[in-house]
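If you want the building blocks of each chain, they are given just below.
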Amino acid sequence: LKMSWFWFYLPLHLLTAACLCHSIKAPTTSSQQSFKTDLFNFYHSLILADGKETTVHLLKDIPKRYYFVLEEGRALSPFTITVTPCDVPIEWNILVHKASASFLGKAAQGDHDTQEVSKSQKTPSMVSTIFNYKGNSVETYMGMSSHSALYMLEFLSTERDTHITVYLTTDTTSGHLYPELPMDSRIDVIGIGHTTVTLTWKHSPSVLQHRENIQYCLLVNEKHNYKSLCAAETAIRSSGMKLPPTLALSLSPYLLEPQQVMILSNSELSIINKVSSGEVRQICMGTKNTYTVPSLSPSTQYYFDVFVVNLLTNASAAYTGTFARTLEEPEPKVTELKDGKVVQVVLDGKNQKFYSLQYQASHKEIQFTFQLCRSQVQVHITKNGKTVALENISGLRYFSLKGKLLDTYLVQLRSIEESNSSVKVQVSSHLHKPLFPLLPESLKIKSFSKLRTCNSVTIAWLGTQEESKYCVYKKRIEDDQVWMELQSADRCFGPESRHKSEKVMCKYFYDINLQRAVTTETIKGLDAGTLYLFDVYLFGPSGIPVRYHSKVVKTRKKC
């Protein structure tokens, strides 16, 4: 009987069971009791849909049963059942109920002849298990059915509440719900680097036949392999996250949770889920069967799972997962610092790697000096392996440290911005001979709006109690150059990097009273309605300059 006729066929089975229950006396043998129990189990189960994936929710230690009757018309009909556990291992069985044709026929005719029933008792229905499985792998059973047989599927979870998916089909001629896997479904690791792993796998036959509806998705995590896509999604949800609709599938827009990052580039969609056990990445790359996973951590073991996904049905099949450990990061090169010498370091903002400098103390008290040239830098100083300073710096910064002779200091520098950084470093045991001049409280340049004219600008800046040399430079710029000039300014470059025509003047000044240590300068000969960039350089006894923060001022258009 087809499923559409089963609603007619079902009452006949129930009627037969009812007749047996009323006509049979108290059971005299265990076989009769078993027969009644089997019937009860069959008729208190749910119908399993043909050709449709069914989600089944299981409560711990409570079995759940589904039954199905297949098409009549030929002695044997092929069918397949695929069960996908989405979490913990489960137990499941396929049972077949075989009844005699004479018994069913009589029951269908409604003839309650006790003699016929008595005969049927001599040839009772038989229930036998034809398949059983325990585990969390995706399993498919392929069989041939008899038109006089009723099948039951029984599922049980003994660990905790969970859910599974079940797919029954009797149509073996049309396309498969699940994409096909190749004969060799292993994932091969063909390259390992410090932060990358390159994978390849055999093409799915489904990709070769229906390229526009099939794609590959890769799952990367640090915990273990997953045997199905729904198992991976369940694990991510159980970590306290809300998972969006399955990544591979519709690729329709959705809102991401705060712990998620979505990246779309080069026709690849990546989602990074931040979970307690590390990152879980989902990457869909179309029909490419070779992929290099980027941005991994060095010396870390990762697990890789590839799923081939049917975009029309959302069904997926899992390749055999693999794992690989990224290479250890090579020890960073360490540059030796010499007392009193200046070292300039350029830091790569994209790689975020540390640059290491080492110094062995020749005196008990030393001083590290850092002049930041561009962006911000993180400074980490250790003495004999113990941290003595950790700070993000900008501008000029001194660290005076005390210790013992021959103490070993390690300085690690890292850019904390994506743009490249540059910093000058000096260590000295001669604290009375500072490398850089004494600095004022602020390195800002102030301009006076009321003193602006069409051809002049007045600026002011703070000085110190130490007599020093100050030089002023100007540069004419356009409106669209302001941001670039201010962002790209390298404060370590001195006047030697400027054109001679940009120099305005130099002068010496100081004041014992810091409240009066202020100087002004009026720059004349400017063009009306024009933007100018002004810089002031401060020179100390060593001759190394410190650049004030640049100031942009526009002259008046009309006077």
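Residues numbered from 1 in each chain as written. Predicted model: local features only at pLDDT ≥ 70, side-chain atom pairs only at ≥ 80, totals over all residues. Heavy atoms only, no water.

Looking at an unreviewed UniProt entry, one finds the chain named Protein NDNF and attributed to Leptosomus discolor. Per UniProt, the chain has the following entry under Subcellular location (unreviewed entry): "Secreted". (UniProt positions renumbered as here; feature names shortened; annotations may be inferred.)

Peer 1: How do you make sense of the overall build of the chain when you look at a structure like this?
Peer 2: The secondary structure content of the chain amounts to 7 helices and 36 strands. Buried positions account for 44% of the 559 residues belonging to the chain. Accessible surface for the chain amounts to roughly 30000 Å². Of this, 52% is attributable to carbon and sulfur atoms. (Helix = DSSP H or I, 4+ residues; strand = E, 2+ residues; numbered from the N terminus. Buried < 20%, exposed > 50% of the residue type's maximum accessible area, 1.4 Å probe, protein only. Areas by Shrake-Rupley, 256 points an atom, 1.4 Å probe, with all protein chains shown as cover.)

Peer 1: Would you take a moment to explain the sheet that holds strand β23 (residues 365-374) for this structure?
Peer 2: In a beta sheet, neighbouring strands pair by backbone hydrogen bonds and run either parallel or antiparallel. With respect to topology, 4 strands assemble into an open sheet ordered β21-β28-β23-β26, the strand pairing being antiparallel. Every interior strand has two partners, whereas the edge strands, β21 (342-347) and β26 (396-402), have only one. When strand polarity is set aside, the average angle formed by the axes of neighbouring strands in this sheet is 20°. Pairing analysis gives 6 bridges linking β21 to strand β28 (residues 421-428), with the strands arranged antiparallel. The partner of Val343 across the bridge, within β28, is Val425. (Pairing = 2+ DSSP bridges. Axes fitted to C-alpha atoms, helices over the stretch in contact; angles between N-to-C directions.)

Peer 1: Help me out: how do you make sense of the confidence of the model for the chain in this one?
Peer 2: Caution applies to low-pLDDT regions: their predicted coordinates should not be interpreted in detail. Per-residue confidence for the chain gives a mean pLDDT of 79; residues scoring 70 or more make up 77%. Per-residue pLDDT stays below 50 along residues 100-123; that stretch engages in 16 contacts with residues further than four places along the chain or on separate chains. This model gives residues 242-267 a pLDDT under 50, and the stretch forms 55 contacts once residues within four places in sequence are excluded. (pLDDT = per-residue confidence, 0-100. Contact = heavy atoms within 4.5 Å.)

Peer 1: I keep staring at the environment of Ile477 and nothing clicks. Help me out?
Peer 2: Within the element layout of this structure, Ile477 appears in strand β31 (residues 468-477). With 55 residues separating them in the primary sequence, Ile477 and Tyr532 have C-alpha atoms 5.8 Å apart. Not counting chain neighbours up to four residues away, the residues in contact with Ile477 comprise Val482, Glu485, Leu531, Leu533 and Val552.

Peer 1: When you look at the sheet that holds strand β10 (residues 187-192) in this model, what are you seeing that I'm missing?
Peer 2: The strand order across the open sheet built from 3 strands is β10-β11-β16, with neighbouring strands paired in antiparallel fashion. Here the strands that pair on one side only, and so sit at the sheet edges, are β10 and β16 (290-293). Adjacent strand axes in the sheet meet at a mean angle of 25° when their direction is disregarded. In terms of strand pairing, β10 meets strand β11 (residues 197-201) through 5 bridges, oriented antiparallel. Among the inter-strand pairings, Asp188 is bridged to a residue of β11, identified as Thr200.

Peer 1: Any chance you could explain the pattern of salt bridges here in plain terms?
Peer 2: Side-chain pairing between opposite charges can occur once the charged atoms of the two side chains come close. In this structure the tally under the stated criterion is 13 salt bridges. The partner of Glu154 in a salt bridge is Arg65, and the shortest N-O contact between them spans 2.7 Å. Of this pair, Glu154 sits in strand β8 (residues 149-156) while Arg65 sits in strand β3 (residues 64-68), placing them 89 residues apart in sequence. Assessed through its relative accessible area of 21%, Arg65 is described here as partly exposed. The partner of Lys507 in a salt bridge is Glu521, with the nearest N and O atoms 3.4 Å apart. Here the residue Lys507 occupies a position in strand β32 (residues 503-509), and Glu521 occupies one in strand β33 (residues 518-523), the gap between them amounting to 14 residues. The residues Lys507 and Glu521 share a single accessibility class, namely buried. (Salt bridge = Lys/Arg side-chain N within 4 Å of Asp/Glu carboxyl O.)

Peer 1: What's the story with the pairing of strand β30 (residues 457-462) in this structure? I'm lost.
Peer 2: Taking burial as the measure, the 6 residues of β30 include 5 buried ones, the bulk of the element. Relative to β30, strand β29 (residues 446-447) is paired through 2 bridges, and the arrangement is antiparallel. Each bridged residue has a counterpart across the sheet, and for Lys446 the counterpart in β30 is Ala460. With 6 bridges joining them, β30 and β33 adopt antiparallel strand pairing. Across the sheet, the residue bridging to Leu462 is Val518, located in β33.

Peer 1: What should I look at first to understand the state of the cysteines in this one?
Peer 2: A disulfide bridge is the covalent bond that connects two cysteines by way of their sulfur atoms. On inspection of all chains with the given rule, the structure shows 5 disulfides. The disulfide partner of Cys86 is Cys230, and the gap between their sulfur atoms is 2.0 Å. What sets the handedness of the Cys86 and Cys230 disulfide is the S-S torsion sign, and at about -95° it is left-handed. Within this pair, whereas Cys86 is found in the loop between β4 (76-85) and β5 (90-98), its partner Cys230 is found in helix α6 (residues 229-238), the two being separated by 144 residues in sequence. With respect to burial, Cys86 and Cys230 carry one shared label: buried. With a sulfur-sulfur separation of 2.0 Å, Cys471 is cross-linked through a disulfide to Cys506. Between Cys471 and Cys506 the disulfide shows an S-S torsion of about 110°. By sign, it is right-handed. Here Cys506 lies in strand β32 and Cys471 lies in strand β31, a separation of 35 residues in the sequence. With a relative accessible area of 3%, Cys471 lands in the buried category. Since its relative accessible area comes to 30%, Cys506 is described here as partly exposed. In the chain, the bonded cysteines, numbered by position in the sequence, are linked as 1-3, 2-4, 5-8, 6-10, 7-9. (Disulfide = S-S within 2.5 Å.)

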